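Examining the three-dimensional arrangement
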Amino acid sequence: MDILKSLGHPEEILNLFKFKMGGCSTVMPKLDYESMSESLRTCYLYLNQTSRSFAAVIQALDGELRHAVCIFYLVLRALDTVEDDMSIPLDKKVPMLNDFHTYLYRDEWCFTESQEKDRQVLEDFPTISLEFRNLAQEYRDVISDICHRMGVGMAEFLEKKVGSMKEWDLYCHYVAGLVGIGLSKLFSASQLEDPEVGRDTELANSMGLFLQKTNIIRDYLEDTQEGRAFWPEEAWSQFAGHLEDLARPEKLDSALSCLNLLVTDALRHVPDVIAYLSRLRNQSVFNFCAIPQVMAIATLSTCYNNPMVFQGVVKIRKGQAVTLMMEATNMRAVQTIIAQYSQEILQKVSLTDPSRDKTLHIISLIQEKSALSQSTLPSRTPHLSPMYLSAAMLLAALSWQYLSTTAAQAQGTGDMQGQ
């Protein structure tokens, strides 16, 4: 049960209750689907089916930007599905990736041979491309350009491994940095943000690299088990003969050293993240950008020096995620969150870790950029008595069961009324 995982964090329990009882609507209001065309409603259906983390924040964006970002996401999800599908032979996949941007202007183009779980975005690509063509020209130009550049980059890395740390940056640029650049240009095109947000591609690129590197670090075990290798060889070859060897119990010390090296490399993007977020003026754009970034630094804090990265699935608690979602709505709060999680990482740095000096340096820089001294940071792990824990477990279990039941009934009633 999600709430039991947050027993040591009372603020998370409170926020879970708030979220369950409708608190999410303050950050992520519901859309008016009835006013949409059938094809646009279908696009939002695909968005919710294919996105684990971005669907809610996309749907909370203001005005026409919401539709542009929804279509941008689905176009890139379709492109990514082609890249991920190991059943498509390379002689067919490479031209598809290189030419994918041209399919946006071909009314009937679709691909029905994919075996991937998100294949519906390829099978019904005509619906997505129709809504793409309904967007304003300034949005279409950005989406088509980013799709082209990303497809070329993906094709480049199909037949080569991520070797050096520079190649890691380049790969992450192609698959995520370009997303950050494209989104920033969409923000400016909508006039919800200043033109400078779209022009500064270096900061926008860092936004994407920070998220992508976090995902790659966290997903080590899943990726290696499925034959994918995204950890750069320059890093892991210092500690093992093969990337898969890091999961062997006898290699744990070496594995943790490699993990901490990569977390430290990802953290170097955080000062750019802070600089980027500080420029944003529109509340919905700020929430959209800030929430994934604070989730990422919370994930990195959980991953740092954590053997579970090599043994199973590492996730932040649902209560933790909900709390971050509800708190990360202004720059001061985001700075506080970033400083707190960087402090958590700092407390885990071993005296013998090979990356210790680099880790300490980047954390010092992050805390300086966050404009918060360590002495002012509240603890995220308060001491709780056994009596509190026992009472809280009973109350939480009973309350959560009740709220889950009533919320489900309310949702069912709402669904029936909407049909």
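For the structure given in this document, a descriptive report is provided here. (Residues numbered from 1 in each chain as written. Predicted model: local features only at pLDDT ≥ 70, side-chain atom pairs only at ≥ 80, totals over all residues. Heavy atoms only, no water.)

Regarding the packing of helix H2 (residues 38-50) against helix H7 (residues 125-133)
Here is the rule we go by: Lines are fitted to the C-alpha atoms to define the axes, a helix being fitted only along its stretch in contact, and any angle between axes, read from their N-to-C directions, falls within 0 to 180 degrees. Runs of H or I in DSSP of at least four residues are treated as helices and runs of E of at least two as strands, each being numbered from the N terminus. If you view the pair so one helix is near and one far, a crossing is left-handed when the near helix is turned anticlockwise from the far one by less than a right angle, and right-handed when it is turned clockwise. Residue contacts follow a heavy-atom distance rule, with two residues in contact if any of their heavy atoms lie within 4.5 Å. Residues are sorted three ways: Asp, Glu, Lys and Arg are charged, Ala, Val, Leu, Ile, Met, Phe, Trp, Tyr, Cys and Pro are nonpolar, and all the rest, Gly among them, are polar.
With their axes 9 Å apart at the nearest point, H2 and H7 run at an angle of 115° to one another. Our pair here, H2 against H7, has a crossing hand that is left-handed. Here H2 contributes Ser39, Leu40, Thr42, Cys43 and Tyr46 to the contact with H7, which in turn contributes Thr127, Ile128, Leu130 and Glu131. The class makeup of the residues in the contact of H2 with H7 is five nonpolar, three polar and one charged.

Remarks on the environment of Ile58
For clarity, the threshold we go by: Using a 1.4 Å probe on the protein chains alone, a residue whose accessible area is under 20% of its type maximum counts as buried, one over 50% counts as exposed, and one in between counts as partly exposed.
Summarising the element assignment, Ile58 is placed in helix H3 (residues 55-59). The buried category is assigned to Ile58, whose relative accessible area is 1%. The spatial distance from the C-alpha of Ile58 to the C-alpha of Val285 is 9.1 Å, given a sequence separation of 227 residues. Ignoring any residue separated from it by four or fewer positions in sequence, one finds Ile58 in contact with Leu47, Arg66, Val69, Cys70, Tyr73 and Phe288.

Details of the layout of surface pockets
Formally: The pocket and cavity definitions rest on a 1 Å grid over protein atoms only: a 1.4 Å probe that fits but cannot leave marks a cavity, an open set with protein on both sides within 12 Å along at least five of seven lines marks a pocket, and residues lining either have an atom within 4 Å of a point. Grid points are joined across faces, edges and corners, and a volume is the space filled by probe spheres set on the points.
One number sums up the size of the second largest pocket: a volume of about 590 Å³. For the second largest pocket, the lining is made up of 23 residues, of which Leu158, Gly227, Arg228, Ala229 and Phe230 are closest to its centre. When grouped by side-chain class, the residues that make up the lining of the second largest pocket number 13 nonpolar, two polar and eight charged.

Concerning the pattern of salt bridges
Heads up, the condition is: By salt bridge we mean one thing: a side-chain nitrogen of Lys or Arg within 4 Å of a carboxyl oxygen of Asp or Glu.
Applying the stated criterion across every chain, the model contains 22 salt bridges. Across the pair Glu156 and Lys160 runs a salt bridge whose closest N-O atoms are separated by 3.2 Å. Each of Arg77, Asp80, Lys117 and Asp118 takes part in a single network of salt bridges with overlapping partners.

A short note on the packing of aromatic side chains
Note the threshold: Within 6.5 Å between ring centres, the rings of Phe, Tyr and Trp (the latter by its six-membered ring) count as paired, and their orientation is classed by plane angle as stacked under 30 degrees, edge-to-face over 60, tilted in between.
Under the defined criterion, the tally for this structure stands at 13 aromatic pairs. Where Phe100 meets Trp109, the ring centres are 5.5 Å apart and the plane angle is 80°; that geometry is what we call edge-to-face. Accessibility expressed as a relative area gives 0% for Phe100, which makes it buried. Between Phe157 and Tyr171, the aromatic rings sit 5.4 Å apart at their centres with planes inclined by 70°, giving edge-to-face as the arrangement. Taken together, the residues span a long stretch of sequence, with Phe157 in helix H8 (residues 137-158) and Tyr171 in helix H9 (residues 165-189) at a distance of 14 residues.

Quick look at the state of the cysteines
Worth spelling out the cut-off: Working definition: a disulfide is two cysteine sulfur atoms within 2.5 Å of each other.
Overall, the coordinates contain zero disulfides when judged by the stated rule. In this structure Cys43 is a free cysteine whose sulfur lies 5.8 Å from that of Cys70, the closest cysteine sulfur available. Note on Cys43: relative accessible area 0%, which makes it buried.

Just distances and angles here, no functional claims.
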